[in-house]
Amino acid sequence: MQDARLMYGSTESPPEAQMSQTAPKSVAQTAAPYVAEFVGTFAFVFTIGCCLLSPSDPSWNATAIGLILMVLVYATGPVSGGHLNPAVSLGLCLSGKLAWPV
């Protein structure tokens, strides 16, 4: 039988992975989530602003906003969690589903 720690979906990680998780992060690794959230929020707000200021038919505005939000969540999700909204991060932290960095 295979070792349970090496199976897909296992919650335990092998000892080698646990040792690599304690290594100190570089400045780029520390700043990556903040940069991803900033760029994602900027693109989201920019899209909303363009939809509001566009003189064309507003019937596709909701679709454009929904699509950019979907793309940004998929793009920034692996880096920062893809929240793109401080209220979502605060709500998850207060409910205990997201670690609060101290």
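Anything mentioned here points back to the structure above.
What you see is a predicted model; the values in this text were computed from it and never measured. (Residues numbered from 1 in each chain as written. Predicted model: local features only at pLDDT ≥ 70, side-chain atom pairs only at ≥ 80, totals over all residues. Heavy atoms only, no water.)

**Brief notes about a nonpolar patch on the surface**
Then, in step 1: Together, Val35, Phe38, Val39, Phe42 and Phe46 line one region of the surface with nonpolar side chains, adding up to about 560 Å² of accessible area.
Then, in step 2: Within the element layout of this structure, Phe42 appears in helix 2 (residues 27–53).
Then, in step 3: The exposure class of Phe42 is exposed, given its relative accessible area of 53%. (Patch = residues over 30% accessible without salt bridge, like charges linked within 9 Å, V, L, I, M, F, W, Y side chains within 5 Å. Areas by Shrake-Rupley, 256 points an atom, 1.4 Å probe, with all protein chains shown as cover. Salt bridge = Lys/Arg side-chain N within 4 Å of Asp/Glu carboxyl O. Helix = DSSP H or I, 4+ residues; strand = E, 2+ residues; numbered from the N terminus. Buried < 20%, exposed > 50% of the residue type's maximum accessible area, 1.4 Å probe, protein only.)

**Considerations on the environment of Val35**
Then, in step 1: The topology assignment puts Val35 in helix 2.
Then, in step 2: Look at Val35 and you get partly exposed, because its relative accessible area is 49%.
Then, in step 3: The sequence separation of Val35 and Thr76 amounts to 41 residues, and the corresponding C-alpha distance is 9.7 Å.

**Topic: the side chain of Thr76**
Then, in step 1: Topologically, Thr76 is positioned in helix 3 (residues 61–80).
Then, in step 2: On the basis of relative accessible area, Thr76 is assigned to the buried category, the value being 8%.
Then, in step 3: Beyond its immediate chain neighbours, meaning those up to four positions away, Thr76 contacts Ala36, Gly81, Gly82 and Leu84. (Contact = heavy atoms within 4.5 Å.)

**A word on the environment of Leu84**
Then, in step 1: With respect to the helices, strands and loops of the structure, Leu84 is situated in the loop between helix 3 and helix 4 (86–95).
Then, in step 2: Residue class for Leu84 comes out buried when judged on its relative accessible area of 6%.
Then, in step 3: Excluding residues within four positions of it along the chain, Leu84 makes contact with Glu37, Gly40, Thr41, Leu69, Leu72, Val73 and Thr76.

**Considering the packing of helix 2 against helix 3**
Then, in step 1: Here helix 2 crosses helix 3 at 175°, and the two axes come no closer than 10 Å. On the basis of their axis angle, the class for helix 2 and helix 3 is roughly antiparallel. Contact residues: Ala32, Pro33, Ala36, Glu37, Gly40, Ala43, Phe44, Thr47, Ile48 and Cys51 in helix 2; Asn61, Ala64, Ile65, Ile68, Leu69, Leu72, Thr76, Val79 and Ser80 in helix 3.
Then, in step 2: Taken together, the residues of the contact of helix 2 with helix 3 sort by class into 13 nonpolar, five polar and one charged. (Axes fitted to C-alpha atoms, helices over the stretch in contact; angles between N-to-C directions. Parallel < 35°, antiparallel > 145°, perpendicular 65-115°, else oblique. Nonpolar A, V, L, I, M, F, W, Y, C, P; charged D, E, K, R; others polar.)

On their own, these measurements won't tell you what the molecule is for.
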